[in-house]
Amino acid sequence: MVAKTIAMLVGIGLTLLLFGKFASRYRFPTMILLVVGSATFLADAANGAIRYSRAQGGQLTTQGEHHLAYSSLGETATLVSNYLQGGKRAGARLSGVRSYETAIAAKGREDVLVITAESLGVFKNPADQLAFQRQIAEALGVQPQFATETSNGVTIDGELRVLCRTGFGAVDVSIAKVKGDCLPHVFDRAGYVTVATHAYFGDFYKRTERYPALGFARMRFLHDGKDRRCSGAFESGCDEDVLRELLATPAQPGQHRFLYQMTIETHLPEPACAGASEPMDAYRCRHLNYFRKLGAALRTVDRPMRVVIAGDHPPPFPRAELRKQFRPHQVTFLTFEVKPAKAAKG
């Protein structure tokens, strides 16, 4: 296991050094971040907090409530990307972010559910994208409005685009600059209950610190040893479970709710799904599974709700021929309204 871990870290190091070759001015901070991330990863591997599981297809599994290795490697990836590709743009506000604007438009009228969908990209072939959208609509049991959104960076950058309409840049600097305009703060000021959920550990990407900074009053993450586990790239909880708990969030009479989910089960590399072992088939299968569960959960709500969904970034397939099937820097956006039968009759 240690040998495999070291081999993986060497691969990460070579990748970062290649970045450094083309951006020499950032080589020193890149190497510092790599050393910090690698040291923490090795420390967790040595004490058993991270284990290599051959039975789970080479998956790295975790033990315990806190996972410094995953957290630090996530931070390393974020910070290196920010250094190399434009930290000066931190906090830059974007125009035309459909997910943000659609959610804002529903303020004061109904509940709002915003979902950042892990790796929900846009097929380069229009016929493939149209076919996938038809499958999503069938899985949901509704006909959403579809569009695309521009995306840059890693998952946390995608979350900030959706929640705060910020560009690509240093994460914490961005939050400090724009947090008053982020959806949770906006809806909190409007009297909404604000809740965020993610079926993984809250220390990854420092969400336990960043979600409150964005304005969320309540959060729900994976509780080790207490939650049901679902298979995927990570040994995570189940998106369906935290979604149903999220939709059951109580509110005072006449009070609306702003609900947020960051999904995880569609994270790459995706294991086989319902017999689909090819990566692209598994990609479609896992997304459609989530949309089926989302559609079923939404049929249980008893109050009107605007649903807004956008990908965080295109799917980062390891194989170039698979990545090339998606439009770079583009993610799928969709939105629809839930109108329960009782509300519709009233």
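The residue numbers shown here count from 1 along each chain, following its written sequence. The predicted origin of the model limits local features to residues at a pLDDT of at least 70 and limits the giving and counting of side-chain atom pairs to 80 or more, whereas totals for whole chains, interfaces and linings rest on all residues. Hydrogens and water are ignored here; the side-chain numbers use all heavy atoms of the structure.

Draft legend 1. A look at the overall build of the chain. Counting secondary structure elements, the chain contains 13 helices and 10 strands. Each residue's exposure class comes from its accessible area (1.4 Å probe, protein chains only) as a fraction of the maximum for that residue type: buried when under 20%, exposed when over 50%, partly exposed otherwise. Split into buried and exposed, the 346 residues of the chain put 53% on the buried side. In what follows, residue pairs with any heavy atoms lying within 4.5 Å of each other are defined as contacts. A sequence separation of at least 24 residues applies to 74% of the contacts in the chain between residues at least 6 apart. Under the convention used here, a 1.4 Å probe and the Shrake-Rupley method define accessible areas, while residue burial counts only the protein chains that appear. Summed over its atoms, the accessible surface of the chain is roughly 15500 Å², and 56% of this surface lies on carbon and sulfur atoms. Helix and strand labels come from DSSP, where a helix needs a run of H or I of at least four residues and a strand needs a run of E of at least two; each type is numbered from the N terminus.

Draft legend 2. Seen up close, the environment of Gly 180. Tracing the backbone shows Gly 180 in the loop between helix 7 (171-178) and helix 8 (183-189). Measuring from C-alpha to C-alpha, the distance between Gly 180 and Leu 214 comes to 7.7 Å, with 34 residues separating the pair along the chain. Once residues lying within four places of it in the same chain are set aside, the contact partners of Gly 180 are His 185, Val 186 and Arg 189.

Draft legend 3. Here's a closer look at the state of the cysteines. When two cysteine sulfur atoms are found within 2.5 Å, that pair is recorded as a disulfide. In the structure shown here, the tally under the stated rule is three disulfides. Put simply, Cys 164 and Cys 182 are joined by a disulfide, and their sulfur atoms are 2.0 Å apart. Taking the torsion about the S-S bond as the criterion, the Cys 164 to Cys 182 disulfide, at about 110 degrees, is right-handed. On the criterion of sequence distance, the pair formed by Cys 164 in helix 6 (residues 155-164) and Cys 182 in the loop between helix 7 and helix 8 is long-range, its members being 18 residues apart. Cys 182 matches Cys 164 in its accessibility class, with the two residues each being buried. The disulfide bridge from Cys 273 ends at Cys 285, spanning 2.0 Å between sulfur atoms.

Draft legend 4. Layout of the pattern of salt bridges. The salt bridge criterion pairs a side-chain nitrogen of Lys or Arg with a carboxyl oxygen of Asp or Glu, the two atoms within 4 Å. A full pass over the atoms with the stated rule returns 12 salt bridges. Here Asp 111 and Arg 257 are joined by a salt bridge, their closest N and O atoms 2.8 Å apart. Here the residue Asp 111 occupies a position in strand 3 (residues 111-117), and Arg 257 occupies one in strand 8 (residues 257-262), the gap between them amounting to 146 residues. For the pair Asp 111 and Arg 257, one class covers both residues: buried. Between Asp 111 and Arg 303 there is a salt bridge; the shortest N-O distance is 2.8 Å.

Draft legend 5. Quick look at the pairing of strand 10 (residues 326-338). Two strands pair if DSSP finds at least two bridges between them. Of the strand pairs in this sheet, strand 4 (residues 121-123) and strand 10 are connected by two bridges, and their pairing is antiparallel. In the strand pairing of strand 10, Phe 123 is matched with Phe 326. When strand 5 (residues 145-150) meets strand 10, the two strands line up antiparallel, connected through six bridges. Note on strand 10: the bridge partner recorded for Gln 145 is Thr 335. Bridge count for strand 9 (residues 305-311) against strand 10 is six bridges, and the pairing is antiparallel. Note that in strand 10 the partner of Val 307 across the bridge is Phe 336.

Draft legend 6. Representation of the environment of Leu 140 in the model. Mapped onto the elements, Leu 140 comes out in helix 5 (residues 126-140). Judged by relative accessible area, which is 2%, Leu 140 ranks as buried. Separated by 151 residues in the primary sequence, Leu 140 and Phe 291 place their C-alpha atoms 5.5 Å from one another.

Draft legend 7. Helix 10 (residues 239-247), seen in detail. Of all the positions in helix 10, only Asp 239, Val 242, Leu 243, Leu 246 and Leu 247 are classed as buried. In an axial view of helix 10, the angular spread of the buried residues amounts to 135 degrees, which keeps them on one side of the axis. Residues of helix 10 that are buried sit in contact with strand 3, strand 6 (193-198), strand 7 (218-220), strand 8, helix 11 (279-298) and strand 9. Arc, as used here, means the arc of the directions from the helix axis to the C-beta atoms.

Draft legend 8. Molecular detail of the packing of helix 6 against helix 7. Only the stretch in contact is used when a helix axis is fitted, and all axes are lines through C-alpha atoms; the angle between N-to-C directions ranges over 0 to 180 degrees. Between helix 6 and helix 7, the shortest axis-to-axis distance is 11 Å and the interhelical angle comes to 10 degrees. By the angle between their directions, the pair helix 6 and helix 7 is classed as roughly parallel. Between helix 6 and helix 7, the residues in contact are Ile 156, Asp 157, Leu 160 and Cys 164 and Val 171, Ser 174, Ile 175 and Val 178, respectively. Put simply, Ala, Val, Leu, Ile, Met, Phe, Trp, Tyr, Cys and Pro go in the nonpolar bin, Asp, Glu, Lys and Arg in the charged bin, and everything else, Gly too, in the polar bin. The residue makeup of the contact of helix 6 with helix 7, split by class, is six nonpolar, one polar and one charged. Angular relationships are summarised with four words: roughly parallel below 35 degrees, roughly antiparallel beyond 145, roughly perpendicular across 65 to 115, and oblique for the angles in between.

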